[in-house]
Structures are given as C-alpha cells and as structure tokens.
Amino acid sequence: MFPTVTTLLIAAFFESAFCGIPRSHTVPYYCASVKCPRLYCNAQITPPGKCCPECTAVPDPCAGIGGCLAIWCEGQYTPPGECCPVCPCYYKGSVYKSGDHFMDDCNNCTCGFSGDVACTEKACGGSGSSCTYKGNRYNNGAVFKDDCQTCLCLFGTVSCSGNVCQDEKPGQCPPNDPNATTICPVQCQGDNTCPGNQKCCQYGCMISCTDPVFFGPCSVKLAEWEAQYDAANGRPLGLERPRCDSRGDFMGMQYRGSQAFCVAPDGTEIAGFKVNRWEAVDMDCKCARDMYAYQQSGAIGRMFSCDRFGNYSPVGCTGSVCYCQDRRGNRIGDTTVNIGDSDSLNC
C-alpha cells in the first residue's frame, strides 16, 4: 500500500516542525518521528532522502563553551585556536604574549594567562650582575633598606648590616597611668625580645613586655558606639555595633538592619556583595576584599572568582582554564578544564 498525498503532506509538516528547516524536496514519510540534533552553524542544508539538516561549513568550535570569564587588562586578545581572551604581559618595557618564555639576566621568566610574569630567583654571578633579594631585583652596587638593616648588592650577592630591629611588631603600647606606682626593672630591650605579639613598653622607669593595643578605624567607631550605647541606657535604637578584628580594623562582613555586606579594612563598603542578614552565617568576604585591594592598587590582569557572599568560589579560572580553589583563593590539585567544562569539576 502506497502513502497517500495527505500522508506525505503531514509527514513534511512534522519534519519541518522537528527539524526547524523547510524542505523543498520529497520528504520520506518516516521523518515525522525523527528528532534532529542542534547544530552550531548558520549555513545548513537537508540532503535529499535525509530527515535532518547538516552544516555546509565548518561549525564554530567556540559556540558551545557557554561564555568566557571577564578579565580586566590592557591589550587583551584571543590566541589562535582559543575561545577566550587572555592578557599580555608588560615587563621592564617589553610586551610578551601569554605562554611566552624569556630571559631576565640569568633567570627564566614565563608570561601567565592573567598577565603576571613569573621568574626564577637566582642570584646572577659575574661582574656587573644584579641581585635578587626577597623577590626584588637590585642593580650591582645598589644600597637599600630591609626593615632596620642596610643592605648592599655586590656582584650578585646581598650583604646586610645585621642590625636588630627594636620596634618591629604591630600595635602600640597601652597609655601610661599617671597614678600608677611602678618599680624599675628592665625586662626587655626591644619588641624582638618579647614573646608572641607583645611589645617592649616603658612606664616611668619600668620597661616590660606588654600586650599591644590597636587604634584602627573600627576601634574608633566602636568607642563612639559604646558611648552612645551608655547614653541611651543600653537601648541604642538604629545603631549597629561595628565588628572589629584584633588590629582595630573592620572585619570583612558587617551588619546594617536586615542586611549583611562586605567592607574594606577601613570600613568602605564594597559594592556588589550584600545579602540578607540571616544568610550571612558563613560570609567572610575574603575574595571581595582581595579584589578591592587589587583594584585600588591600580594593578591589572588578575582574575577573581567570588560568590555573592564575597567568599572565594570553589571554582576559579585564569583565562580559559578553570580549577578548584580553597577559601583563600589558592589552587587545589593539578586538575584543570576548559572554562566551558567548569561544571564538571568536583570541587
């Protein structure tokens, strides 16, 4: 029994509906039940005798990666064969492409995806050579300071004076009580002779190791809040107690009414990271603060993967390469995938 004209017309209608491409030739009746795959190309044609269209040109390999992570750098470009842009490296007056290897004196350097240059830190010997000291490069004959020490770069070798730094620990000595009676022992000769974080402080003729105090911006704000709290008899309506760290700076997450948000150490609110107060149980704002400090420094090229709480996301990306990262933004393991396959990472 042969199909009727009505049957063929119905089959043609269903094939067009399933495949999305009109047909100008005779359509096999069995195409009515065929589901055609999605094609990532603009130029398509359905060959005679077939149900589904085919690409007439090479498909775009980047059409299905799901987008690229935004980067901030000058002169970004997309390398041949890649789908996502990367940053060039600017180093000592020269420009290098991502992945380039080059020499700086006797050290090997590599241009990374985010525009950062990584070099070995060998002290280059020989007359007129420079020195590498604590990650910094100094010319032969340069004199520089390291804390309270004076250092000299000479023929690839750094020599320092060896002076003992007397006031190297953070914080300040607590205010002296003018009514206190003291004896006169000398228990320390500088902060470096005190245990832990204690400082060497003088009170009258007594010199002793004492826990430091900090007068950061949050400490000042907290003192204002406590004064208002006392003045309001413990009912400071509309006032939110600031959250301070041990140095007197603002902690990363602060509260205001029904909301929680991220701030810099000086209390400046960081835009884009604000959630409901009840959601902020695990909100540390570490990623938001690192990104804010990096942007304020004027540097470019580094990428940050923050979640809406300002925490580091489990997946981080550099250019078109993604990997697992910890709560401080450090890479975990050696597994990497293309940015389009980042959902496959089990972080």
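Residues numbered from 1 in each chain as written. Predicted model: local features only at pLDDT ≥ 70, side-chain atom pairs only at ≥ 80, totals over all residues. Heavy atoms only, no water.

Visitor: Outline the side chain of Q325, supporting the account with residue identities and numerical values.
Guide: Here Q325 is to be found in strand β19 (residues 321–325). Judged by relative accessible area, Q325 falls into the buried class, the value being 9%. From its side chain, Q325 meets the backbone oxygen of S313 in a polar contact 2.7 Å long. Residues within four places of Q325 in sequence aside, it is in contact with S305, Y312, S313, P314, V315, G316, N330, R331 and I332. (Helix = DSSP H or I, 4+ residues; strand = E, 2+ residues; numbered from the N terminus. Buried < 20%, exposed > 50% of the residue type's maximum accessible area, 1.4 Å probe, protein only. Polar contact = N/O pair within 3.5 Å; in protein donor to acceptor, adjacent residues only side chain to side chain. Contact = heavy atoms within 4.5 Å.)

Visitor: Please give an account of the pattern of salt bridges that cites residues and values.
Guide: Pairs may arise between side chains of opposite charge once their charged atoms sit close together. Applying the stated criterion across every chain yields a total of 12 salt bridges. Between K221 and E224 there is a salt bridge, and its shortest N-O distance comes to 4.0 Å. Here K221 pairs with E224, and both are found in helix α2 (residues 217–231), just 3 residues apart, close to one helical turn. Between R327 and D284 there is a salt bridge, with its nearest N and O atoms 2.7 Å apart. You can see R327 sitting in the loop between β19 and β20 (331–338) and its partner D284 sitting in the loop between β17 (269–276) and α3 (286–296), a full 43 residues away along the chain. Under the relative-accessibility criterion, D284 is labelled partly exposed at 28%. A single salt-bridge network, built from bridges that share partners, covers K92, D104 and R137. (Salt bridge = Lys/Arg side-chain N within 4 Å of Asp/Glu carboxyl O.)

Visitor: Outline the sheet that holds strand β6 (residues 107–111), supporting the account with residue identities and numerical values.
Guide: The antiparallel open sheet is built from 3 strands, whose spatial order is β5-β6-β7. Looking along the sheet, the strands with just one partner apiece sit at the ends: β5 (101–104) and β7 (117–119). Strand-to-strand twist across the sheet, computed as the mean angle between neighbouring axes with direction ignored, equals 30°. Sheet topology places β5 next to β6; 4 bridges connect them, and they run antiparallel. By the bridge assignment, H101 is partnered in β6 with T110. (Pairing = 2+ DSSP bridges. Axes fitted to C-alpha atoms, helices over the stretch in contact; angles between N-to-C directions.)

Visitor: I'd like to hear about a nonpolar patch on the surface, residue by residue, with values.
Guide: Where nonpolar side chains cluster on the molecular surface, the patch consists of V143, L152, L154 and F155 and spans about 360 Å² of accessible area. You can see F155 is positioned in the loop between β11 (149–154) and β12 (157–160). (Patch = residues over 30% accessible without salt bridge, like charges linked within 9 Å, V, L, I, M, F, W, Y side chains within 5 Å. Areas by Shrake-Rupley, 256 points an atom, 1.4 Å probe, with all protein chains shown as cover.)

Visitor: Help me get a handle on the environment of C173, residues and values and all.
Guide: Position of C173 among the secondary structure elements: in the loop between β12 and β13 (199–203). According to the relative accessible area criterion, C173 is partly exposed, its value standing at 30%. With 30 residues separating them in the primary sequence, C173 and Y203 have C-alpha atoms 9.6 Å apart. Setting aside residues up to four positions removed in sequence, C173 forms contacts with K199, C200, C201, Y203 and V213.

Visitor: Break down the packing of aromatic side chains for me, citing the residues and quoting the values.
Guide: As enumerated under the stated definition, the model contains 4 aromatic pairs in all. Here Y91 and F102 contribute two aromatic rings whose centre-to-centre distance is 5.6 Å and whose plane-to-plane angle is 50°, an arrangement assigned as tilted. Of this pair, Y91 sits in strand β3 (residues 89–91) while F102 sits in strand β5; the two residues are 11 residues apart in sequence, bridging distant segments of the chain. Overall, F102 belongs to the buried group, its relative accessible area being 10%. An aromatic cluster of three or more residues is present, and its members are Y91, Y96 and F102. Against the face of Y255 rests R277, its NZ or CZ located 4.1 Å from the ring centre. (Phe/Tyr/Trp six-rings, centres within 6.5 Å; stacked < 30°, edge-to-face > 60°. Lys NZ or Arg CZ within 6 Å of the ring centre and 35° of its normal.)

Visitor: Please set out the nonpolar core residue by residue, giving values where relevant.
Guide: C262 and M283 are the most contacted members of the largest nonpolar core, which totals 16 residues. Elements supplying a minimum of two residues to this core: β16 (259–263), β17 and α3. When residues of this core are assigned to their parent elements, the largest contribution, 4 residues, is made by α3. In contact with C262, not counting residues within four places along its chain, are G252, T268, E269, I270, F273, M283, C285, A288, F309 and G310. Grouped together as the second largest cluster of nonpolar side chains are 7 residues, C84, C317, C322 and I339 included. (Core = buried A, V, L, I, M, F, W, Y, C linked by side-chain atoms within 4.5 Å.)

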